[in-house]
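Here's the letter readout for the chains.
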Amino acid sequence: MPKKPGTNPKGEFAFFNVVYEDGSQRSNRRVPAELLSGLDGDEPARGFIVEQDREIAEKAGRPPMKIKSISRVGAKKK
């Protein structure tokens, strides 16, 4: 049964763009916001996304791609 619009709590996930070493990009990868609340900033997101990629690659029967960079969606460029 579909959820009613507006029933998802805001701030539950942070979204990241991931660029891989082969130049491909995946946008809006979801990471639980609770992982990012510590002093490490966005660094825990990398570990979470690496684990997601490993599981996806395992199911697809191919090796996982190496991540070149991760940036939070909507974050200002430095």
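Here the residue index of a chain counts from 1 through its sequence in written order. Predicted model: local features are reported for residues with pLDDT of at least 70 only, side-chain atom pairs are reported and counted for 80 or more only, and whole-chain, interface and lining totals are derived from all residues. As a rule here, side-chain values come from all non-hydrogen atoms in the structure, and water together with hydrogens is ignored.

Asks: Please clarify how the pattern of salt bridges should be interpreted in this entry.
Replies: Where charged atoms from two side chains of opposite charge come close, those side chains can pair. The salt bridge definition used is simple: a Lys or Arg side-chain nitrogen within 4 Å of an Asp or Glu carboxyl oxygen. Tallied over the full model, the rule gives five salt bridges. Linking E43 and R46 is a salt bridge whose minimum nitrogen-to-oxygen distance equals 3.9 Å. Within this pair, E43 and its partner R46 are both found in helix 1 (residues 43-60), separated by three residues, close to a single helical turn. Salt-bridge contacts for E58 lead to R54; the nearest nitrogen and oxygen are separated by 3.1 Å. Highlighted residues: E58 and R54, both in helix 1, separated by four residues, approximately one helical turn. Assessed through its relative accessible area of 60%, E58 is described here as exposed. Residues participating in the shared-partner salt-bridge network are E51, R54 and E58. In this text, helices come from DSSP runs of H or I with a minimum length of four residues, and strands from runs of E with a minimum of two, each type numbered from the N-terminal end. Only protein chains enter the accessibility calculation, which uses a 1.4 Å probe; a residue whose area is less than 20% of its type maximum is buried, one above 50% is exposed, and one in between is partly exposed.

Asks: Sorry if this is basic, but what is going on with the pairing of strand 2 (residues 25-32) here?
Replies: Where a strand is regular, its side chains alternate between the two sheet faces. Note: strand 1 (residues 13-20) against strand 2, six bridges, orientation antiparallel. Across the sheet, the residue bridging to V18 is R26, located in strand 2. Turn length for the strand 1-strand 2 hairpin, with the two strands adjacent in sequence and antiparallel, is four residues, and the turn residue G23 shows positive phi of about 95°. For two strands to be treated as a pair, DSSP must find no fewer than two bridges joining them.

Asks: Any chance you could explain the environment of L36 here in plain terms?
Replies: Here L36 lies in the loop between strand 2 and helix 1. Classification of L36 by relative accessible area gives buried; the value is 12%. Along the sequence, L36 and F13 sit 23 residues apart, while their C-alpha atoms lie 9.6 Å from each other. When neighbours within four sequence positions are excluded, L36 is seen to be in contact with A14, F16, V31, G41, D42, P44, A45 and R72. Residue contacts are defined here by distance: any two heavy atoms, one from each residue, within 4.5 Å place the two residues in contact.

Asks: What am I meant to see in the side chain of N17 here?
Replies: If you trace the backbone, N17 turns up in strand 1. Pairs of N or O atoms are called polar contacts if they sit within 3.5 Å, as long as, within protein, a hydrogen donor faces a hydrogen acceptor (for residues adjacent in sequence, only side-chain-to-side-chain pairs). Reaching out from N17, the side chain makes a polar contact with the backbone nitrogen of N28 at a distance of 3.3 Å. Those residues in contact with N17, other than ones at most four positions away along the chain, are Q25, R26, S27, N28, S69, I70, S71 and V73.

Asks: Would you mind showing me how to read the confidence of the model for the chain here?
Replies: Note: predicted coordinates in regions of low pLDDT should not be interpreted at a detailed level. pLDDT measures how confident the predictor is about each residue, on a scale from 0 to 100. When pLDDT is averaged along the chain, the result is 86, and 82% of the positions lie at 70 or above. Mean pLDDT in the chain bottoms out at strand 2, which sits at 92, and peaks at strand 1, which reaches 94.

Asks: I'm lost on the packing of aromatic side chains in this one. Help?
Replies: In this description, an aromatic ring pair is defined by two values, namely the gap between the centres and the angle between the planes. By convention, a stacked pair of Phe, Tyr or Trp rings (six-membered ring in the case of Trp) has centres within 6.5 Å and planes under 30 degrees apart, an edge-to-face pair has planes over 60 apart, and any other such pair is tilted. In total, this model carries zero aromatic pairs according to the counting rule given. In our convention, an over-ring charge means Lys NZ or Arg CZ found within 6 Å of a ring centre and within 35 degrees of that ring's normal. Above the plane of the ring of F13 lies R30, whose end atom (NZ or CZ) is 4.1 Å from the centre.

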